[in-house]
Amino acid sequence: MIEIVRRGRGRAARGGLSPKSSTALRGAAGALMLASAGAAQAQNECGLPEDGIVVCTPDGNPYPTGITYSTAEDLLLRIESGVATSRGVRNDGAGGASVAIELEAGSIVINSGLFAQGVSGFADAGGDVRIDSAGEIWTNGFLAAGIRALAREDGSITIRAAHVDSTGGNGISVGGANGPVFVETYGHVRATDGDGLFGDGLSSVAGIFVNTDGAVEVVNSGLIEQIGPGSFDPNGSYITMGGISIRAFGDVVIAGDGIVETSGWGATGIAVNGGGTASLRQASVTTHGEAAQAVGAAAPGDVSIDIDQVTSDLSIGISGFSRDGHVRIRFDSVSAESLGAYGETATGSVWVEAGDVTTTASRTGLIGLAIQIQAGEVADLAVGGAM
């Protein structure tokens, strides 16, 4: 079944960010990050900087207090192959200093406990944060994070990661201000729901979570995985966030031919709530769980979604919403429970290039709808497969 509705007037973006709500979210995240950053047991475990660089070698293994540096000057912290620590790695910059952490292949960073951080970088007053990890990062604990980065004012954040595994918290967690955010994953990033702070299972985790006022670009050529079962709080406070979750006031780009797979209640594969334009591209997105939509993007500007294969066992396949711009959706195949693909714009046009669409309507009372379009101007549908 296909439904196309031309709209004369639109409504405000559903689920859109208000400046007040975004500021509150970012402030809470920043407070948590900074509070956690203050819990270091020691500093300068690898010696003093030389020409702005510190090199940590396997000679200091197992670095029982972790590796922690705080600086008012630009500092690169390099972790050599063979280094292993069970208390995390952290580099903090103050007064506008930029910080960087590089993990060579063959290095291992582990951390566990409440708010545990594997590798973390923090900069204030416009300093930049860069984390480049070819090693392995493992964390376990309520609100833990494999990689966590925070920058203030117009500081940029750049993260590249090969292997991140976090239980009880996000795989990669980013809090920005006005500067650009770039995240590249090329191996395996996994976030697994933990038992919650009080053993109640109420933990919200994502493979990649970004909350910022600036622009965001995520490039994934590997596997981003979120593992449930997830949970639902009757007050709506805690749900599983899923594979890639982005809240930004700037433009959002997700690129690459990677794979995103999630499981659990509300475990959305890719969720984008942007303040400019939104462009999403991946090879495959699969979700398992009630209310676990595969792909959803909302922005005031143009929205483009290009996913080869989409599967959502118990929810919607793809949805794209633009307040003032156009919506373009392309896919080779979608398998969903209730709705294959949905495109809506208040004043612009919607184009859908569709391949095969299967809707299971597996639960009693559901009606399977292949594609639904609501457009203020042109609604165009090209079908190249079976529905």
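Note that this is a predicted model, so its numbers are computed, not measured.

Let's talk about the pattern of salt bridges
Move 1: Within the structure shown, the criterion is met by 12 salt bridges.
Move 2: Across the pair R90 and D92 runs a salt bridge whose closest N-O atoms are separated by 2.9 Å. Pair check on accessibility: R90 and D92 agree, each one buried.
Move 3: In this structure, the salt-bridge partner of D306 is R281, at a minimum N-O distance of 3.2 Å. One end of the pair, D306, is in strand 24 (residues 303–314); the other, R281, is in strand 22 (residues 278–290), and 25 residues separate them in sequence.
Move 4: One network of salt bridges, in which partners are shared, links D257, R281, D306, D308, R330 and D332.

Concerning the nonpolar core
Move 1: Ranked by size, the top nonpolar core spans 70 residues in total, and within it I67, I246 and F331 carry the most contacts.
Move 2: Per-element accounting of this core gives the leading share, five residues, to strand 26 (residues 327–336).
Move 3: Those residues in contact with I246 that sit more than four places away from it in its chain are V210, V216, V218, V252, I254, A271, V272 and N273.

Brief notes about the confidence of the model for the protein chain
Detailed reading of the predicted model is not advised wherever pLDDT is low.
Move 1: On average, residues of the protein chain score 83 in pLDDT, and 78% of them are at 70 or above.
Move 2: Confidence over residues 6–41 falls short of pLDDT 50; this stretch has 64 contacts with residues more than four positions distant or in other chains.

About the criteria used
- Residues numbered from 1 in each chain as written.
- Predicted model: local features only at pLDDT ≥ 70, side-chain atom pairs only at ≥ 80, totals over all residues.
- Heavy atoms only, no water.
- Salt bridge = Lys/Arg side-chain N within 4 Å of Asp/Glu carboxyl O.
- Buried < 20%, exposed > 50% of the residue type's maximum accessible area, 1.4 Å probe, protein only.
- Helix = DSSP H or I, 4+ residues; strand = E, 2+ residues; numbered from the N terminus.
- Core = buried A, V, L, I, M, F, W, Y, C linked by side-chain atoms within 4.5 Å.
- Contact = heavy atoms within 4.5 Å.
- pLDDT = per-residue confidence, 0-100.

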